[in-house]
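What follows is each chain in one-letter form.
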Amino acid sequence: MADANTVIEKLQSRFDPAAARGMDEVFQFHITDADDYYLNVKDGTLDIQPGEHDDPSVSLTTDTDTLKGVMNGEINGMQAFMSGKLKATGNVMLATKLTSLFPGH
């Protein structure tokens, strides 16, 4: 099984600061088979923290394999959402920005 920590760490190297210019959002990840993390995206910077944020912009609940697949571009995020493998609450439209913030390989 994929290690959620590794997936989260890879996000730092794939982060596109230009795509995050002018943003001030918190993406909360509740990973059902691993630890929780949140990504603080603020005006071109990324800060990844373990645990839970008090007031995230959007919360995403999924398992490690789905998270890895979506972030690798192997799983379509919208399809994962529609099939119930990915749940989102809050500003759900922000979730669609993840692929531009973290472009594939």
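Source: prediction; values computed, not measured.

Visitor: Mind showing me how you'd approach the overall build of the protein chain here?
Guide: The helix and strand inventory of the protein chain stands at five helices and five strands. Start at the N end of the protein chain and walk to the C end: the helices and strands fall as α-β-β-β-β-α-α-β-α-α. Rg of the C-alpha trace for the protein chain: 12 Å, near the compact-globule value of 13 Å for 105 residues, within the 12% margin. The C-alpha extent of the protein chain, read off along each of the three principal axes, is 30 × 30 × 25 Å. By the burial criterion, 39% of the 105 residues in the protein chain qualify as buried. Restricting to contacts in the protein chain with at least 6 residues of sequence separation, those with at least 24 account for 62%. For the protein chain, the separation between the mean place of its 8 positive charges and that of its 16 negative charges on side chains is 8 Å.

Visitor: Would you mind going over the sheet that holds strand β2 (residues 37-42) with me for this structure?
Guide: Pairing between the strands of a sheet is mediated by backbone hydrogen bonds and can be parallel or antiparallel. Strands sit in the order β3-β2-β1-β4-β5 across an open sheet of five strands; the sheet is mixed. Edge positions in the open sheet fall to β3 (45-50) and β5 (87-90), since each of these has one partner strand only. Direction aside, the axes of adjacent strands within the sheet are offset by 20 degrees on average. Contacts from helix α1 (residues 4-14) reach β1 (24-31), β2 and β3, with the element oriented near 165 degrees to β3. Across the face of the sheet, helix α2 (residues 64-72) comes into contact with β1 and β4 (58-62) while running at roughly 140 degrees to β1.

Visitor: Quick question: what am I supposed to make of the pattern of salt bridges here?
Guide: Taken as a whole and judged by the stated rule, the model has one salt bridge. The salt bridge involving Lys42 is made with Asp24; its shortest N-O contact spans 3.9 Å. Taken together, the residues Lys42 in strand β2 and Asp24 in strand β1 connect sequence positions 18 residues apart.

Visitor: Help me understand the nonpolar core, please; the structure alone is not making it clear to me.
Guide: A general trend in soluble globular proteins is that nonpolar side chains are found buried together. Core analysis: the biggest nonpolar cluster contains 27 residues, and Phe27, Phe29, Leu39, Val41, Leu101 and Phe102 have the highest contact counts within it. Those elements giving two or more residues to this core turn out to be α1, β1, β2, β3, β4, α2 and α5 (98-101). Aside from chain neighbours lying at most four places away, what touches Val41 is Phe15, Ala20, Met23, Asp24, Glu25, Phe27, Leu46 and Leu101.

What counts and how
Residues numbered from 1 in each chain as written. Predicted model: local features only at pLDDT ≥ 70, side-chain atom pairs only at ≥ 80, totals over all residues. Heavy atoms only, no water. Helix = DSSP H or I, 4+ residues; strand = E, 2+ residues; numbered from the N terminus. Rg over C-alpha atoms; globule rule 2.2 N^0.38 Å. Buried < 20%, exposed > 50% of the residue type's maximum accessible area, 1.4 Å probe, protein only. Contact = heavy atoms within 4.5 Å. Lys, Arg positive; Asp, Glu negative; His and termini not counted. Charge placed at Lys NZ, Arg CZ, Asp CG, Glu CD. Pairing = 2+ DSSP bridges. Axes fitted to C-alpha atoms, helices over the stretch in contact; angles between N-to-C directions. Salt bridge = Lys/Arg side-chain N within 4 Å of Asp/Glu carboxyl O. Core = buried A, V, L, I, M, F, W, Y, C linked by side-chain atoms within 4.5 Å.

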